[in-house]
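Breakdown of the fold
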Amino acid sequence: MVPKGFVGITLYPFIFLKYGSLKANRFLINHERIHLRQQLELLIVPFYVFYGIEFLIRFIRTQNKYVAYQNISFEREAFENEKDLDYLNSRPFFKFLKYM
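Summary of the structure given here. (Residues numbered from 1 in each chain as written. Predicted model: local features only at pLDDT ≥ 70, side-chain atom pairs only at ≥ 80, totals over all residues. Heavy atoms only, no water.)

A closer look at a nonpolar patch on the surface
- Among the surface-exposed residues, Val45, Val49, Phe50, Ile53 and Ile57 lie close enough to one another that they form a single nonpolar patch of about 450 Å² accessible area.
- Its place among the elements puts Ile53 in helix H2 (residues 45–62).
- Here Ile53 falls in the partly exposed class, since its relative accessible area comes to 44%. (Patch = residues over 30% accessible without salt bridge, like charges linked within 9 Å, V, L, I, M, F, W, Y side chains within 5 Å. Areas by Shrake-Rupley, 256 points an atom, 1.4 Å probe, with all protein chains shown as cover. Salt bridge = Lys/Arg side-chain N within 4 Å of Asp/Glu carboxyl O. Helix = DSSP H or I, 4+ residues; strand = E, 2+ residues; numbered from the N terminus. Buried < 20%, exposed > 50% of the residue type's maximum accessible area, 1.4 Å probe, protein only.)

Structure (structure tokens):
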């Protein structure tokens, strides 16, 4: 279920991990929980549409899949805040827009 090169993926309402031992990685789980919140805010399906469109735009600009992925606004928010385990308690709605 987890694509090659990744250790986790969130498909609302589930978080899929490549290895069961990753459940203990609090930062990874927090990163994926941030994605759950983003998906809920956008009513799930539009999240995937925007995610895909943003990836395509960034890929066209960079010609690099990894760089495009790293610069998706949803990923930038999650990476920047994954180590703040209280982030979701104070995160305002649509915070990912700050990372566009």
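Observations concerning the packing of aromatic side chains
- For the structure on display, the rule yields 11 aromatic pairs.
- Taking the centre distance of 5.2 Å and the plane angle of 85 degrees together, the rings of Phe47 and Tyr48 count as edge-to-face.
- Ring centres of Phe47 and Tyr51 lie 5.6 Å apart, and the angle between their planes is 45 degrees; this geometry places the pair in the tilted category. Pair noted here: Phe47 and Tyr51 are both in helix H2, with a separation of four residues, about one helical turn.
- Accessibility expressed as a relative area gives 21% for Tyr51, which makes it partly exposed.
- Taken together, the ring pairs in this structure connect Phe47, Tyr48, Tyr51, Phe74, Phe94 and Phe96 into an aromatic cluster. (Phe/Tyr/Trp six-rings, centres within 6.5 Å; stacked < 30°, edge-to-face > 60°.)

Comments concerning the side chain of Gln39
- Following the sequence through the fold, Gln39 ends up in helix H1 (residues 26–41).
- When sequence neighbours within four positions are dropped, the list of residues in contact with Gln39 reads Thr10, Leu11, Tyr12, Ile44, Phe47 and Tyr48. (Contact = heavy atoms within 4.5 Å.)

Quick notes on helix H4 (residues 73–81)
- Restricting attention to buried positions, one finds in H4 the residues Ser73, Phe74, Glu75, Glu77, Ala78 and Asn81.
- Contacts from the buried residues of H4 go to H1, H2, helix H3 (65–70) and helix H5 (87–90).

Thoughts on the pattern of salt bridges
- Enumeration according to the criterion identifies three salt bridges in this entry.
- Between Arg91 and Glu41 there is a salt bridge whose closest N-O contact spans 2.5 Å. Of the two residues, Arg91 sits in the segment after H5 while Glu41 sits in helix H1, which places them 50 residues apart along the sequence.
- According to the relative accessible area criterion, Glu41 is buried, its value standing at 12%.
- What emerges from the salt-bridge pattern is a single network uniting Glu41, Glu77 and Arg91.

Topic: the environment of Leu17
- Along the chain, Leu17 falls in strand E2 (residues 14–17).
- Here Leu17 falls in the partly exposed class, since its relative accessible area comes to 22%.
- Leu17 sits 12 residues away from Gly5 along the chain, and the two C-alpha atoms are 12 Å apart.
- Ignoring any residue separated from it by four or fewer positions in sequence, one finds Leu17 in contact with Val2, Val7, Gly8, Leu22, Lys23, Leu28 and Ile29.

Quick look at the packing of H2 against H4
- Two elements in contact, H2 and H4, have axes separated by 9 Å at closest approach and are oriented at 95 degrees. With respect to H4, the element H2 is oriented roughly perpendicular. On H4, the residues that touch Phe47, Phe50, Tyr51, Glu54 and Arg58 of H2 are Ser73, Phe74 and Glu75.
- Each residue belonging to the contact of H2 with H4 can be placed in one class, and the counts come to four nonpolar, one polar and three charged. (Axes fitted to C-alpha atoms, helices over the stretch in contact; angles between N-to-C directions. Parallel < 35°, antiparallel > 145°, perpendicular 65-115°, else oblique. Nonpolar A, V, L, I, M, F, W, Y, C, P; charged D, E, K, R; others polar.)

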